[in-house]
Amino acid sequence: MPHPHLAVETSPAGYRWVRLSRPERRNALDVSLLRAVTDALAADPGVPVLLASADPRVFCAGADLTMTDAERAAVSDLVYDCCETIITRPGPVIAVLTGPAVGGGAQLAAASDLRIAGPGARLRWTGPSGLDLAVGAWLLPDLVGRAAAMDLVLTGRWLEAAEALALGLVNRVCDDPEPVAARIAADLAGRGAGAGVKAVMAAGGLLDRLRAERAANRSAWARVLAGK
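Residues numbered from 1 in each chain as written. Predicted model: local features only at pLDDT ≥ 70, side-chain atom pairs only at ≥ 80, totals over all residues. Heavy atoms only, no water.

1. Description of helix H9 (residues 206–226)
Residues that lie three or four places apart on an α-helix share one face, since the helix turns once every 3.6 residues.
Argument step 1. For H9, which comprises 21 residues, the first-to-last C-alpha distance of 30 Å matches the rise-based estimate of 30 Å (1.5 Å per residue) to within 8%.
Argument step 2. Tucked into the core, H9 has its buried residues touching helix H2 (69–88), helix H3 (104–111), helix H4 (140–144) and helix H8 (195–201). (Helix = DSSP H or I, 4+ residues; strand = E, 2+ residues; numbered from the N terminus. Expected span 1.5 Å × (residues − 1). Contact = heavy atoms within 4.5 Å.)

In structure tokens form, the structure reads like this:
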């Protein structure tokens, strides 16, 4: 059954759009939406996927701040299921970033295999203040190097599109990223590219670091919930 906040569309060119569609909450993630995204990415795992937003003003605001702490802890944990699905599925995932991506939204973007951004894209790896969560520490060093990763993770500052391109975090910045990303996805679908490359890229401890960050954040949320 389709999720009311997720739009999935298959292109005749052999790729799929998976669009977050919860504009009234800036595509904020709750448990049901995040599970739906993970299921959509797991379906037909060899098919290239464009992970995008139905609202060009935002990619994803991260966890829904109106949820209880227990629900936010569950979303925090499920983000890693989704990221692991992105990394291990043989078909490429291309994040199309036209607006801000925060927290869990930035995690999904960074876990994607390619990132095509518009000039209004900006990213921020941060969790709720005071929890000492690790958000993005598991994969940012691979993308931008340890020094830049430490800056982004420790400060939780905004990373604008131009700087993201300069750091190598996004692959391209263009005025209209959707058709650019769609052409790349169609080419990848036509060539059947991705499975071998992704298997190699996932080697070398990436998934171990993902699971270590997940365990650290589980512990942080458990301390919060124990104090309730």
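2. A word on the packing of helix H1 (residues 31–42) against H2
Argument step 1. In contact at an axis separation of 9 Å, H1 and H2 are set at 10° when each is read in the N-to-C sense. Regarding the angle of H1 to H2, the classification is roughly parallel. Residue-level inspection shows Val31, Leu34, Arg35, Val37, Thr38, Leu41 and Ala42 of H1 in contact with H2, the latter providing Glu71, Ala74, Val75, Leu78, Val79, Asp81, Cys82, Thr85 and Ile86.
Argument step 2. Class assignment of the residues belonging to the contact of H1 with H2 gives a composition of 11 nonpolar, 2 polar and 3 charged. (Axes fitted to C-alpha atoms, helices over the stretch in contact; angles between N-to-C directions. Parallel < 35°, antiparallel > 145°, perpendicular 65-115°, else oblique. Nonpolar A, V, L, I, M, F, W, Y, C, P; charged D, E, K, R; others polar.)

3. Points about the sheet that holds strand E9 (residues 172–173)
Argument step 1. The 6 strands are arranged E1-E2-E3-E4-E6-E9 in an open sheet whose pairing can be described as mixed. Looking at strand neighbours, the two that pair on one side only are strand E1 (6–10) and E9, the edges of this open sheet.
Argument step 2. Sheet contacts for H1: E1, strand E2 (16–20), strand E3 (49–53) and strand E4 (93–97); angle to E1, the most-contacted strand, approximately 15°.
Argument step 3. The sheet strands contacting helix H7 (residues 177–191) are E2, E3, E4, strand E6 (114–117) and E9, and the helix crosses E4 at an angle near 175°. (Pairing = 2+ DSSP bridges.)

4. Examining the layout of surface pockets
If you roll a probe as big as a water molecule over the atoms, it shows you where there is empty space left.
Argument step 1. There is about 510 Å³ of room inside the largest pocket.
Argument step 2. As for the largest pocket, its lining consists of 19 residues, and the residues nearest its centre are Ala111, Ser112, Asp113, Lys198 and Met201.
Argument step 3. Mapped by element, the contributors of at least two residues to the lining of the largest pocket are H3, E6, H4 and H8.
Argument step 4. Considering every element that reaches the lining of the largest pocket, the biggest residue donor is H8, with 3 residues.
Argument step 5. Taken together, the residues of the lining of the largest pocket sort by class into 13 nonpolar, 2 polar and 4 charged.
Argument step 6. Size it by volume and the second largest pocket reaches roughly 410 Å³.
Argument step 7. As for the second largest pocket, its lining consists of 26 residues, of which Gly62, Ala63, Gly103, Gly104 and Thr126 are closest to the centre.
Argument step 8. Only H2, H3 and H9 provide two or more residues apiece to the lining of the second largest pocket.
Argument step 9. With 5 residues, the top contributor of residues to the lining of the second largest pocket is H2. (1 Å grid on protein atoms, 1.4 Å probe; cavity = no way out; pocket = protein on both sides within 12 Å on 5 of 7 lines; lining within 4 Å. Points joined across faces, edges and corners; volume = space filled by probe spheres on them.)

5. Structural notes on the state of the cysteines
Argument step 1. One pass over the structure, following the stated rule, counts 0 disulfides.
Argument step 2. This cysteine, Cys82, is not joined by any disulfide, and Cys83 carries the nearest cysteine sulfur, 6.2 Å off.
Argument step 3. Overall, the relative accessible area of 0% leaves Cys82 in the buried class. (Disulfide = S-S within 2.5 Å. Buried < 20%, exposed > 50% of the residue type's maximum accessible area, 1.4 Å probe, protein only.)

6. Observations regarding the pairing of E2
Regular strands show a simple pattern: their side chains alternate between the two faces of the sheet.
Argument step 1. The element E2 is largely enclosed, with a buried count of 5 among its 5 residues.
Argument step 2. Of the strand pairs in this sheet, E2 and E3 are connected by 5 bridges, and their pairing is parallel. Paired with Trp17 across the two strands is Leu50, which belongs to E3.
Argument step 3. Traced from E2 through H1 to E3, the parallel crossover comes out right-handed. (Right-handed = clockwise from strand over helix to strand, strands pointing away.)

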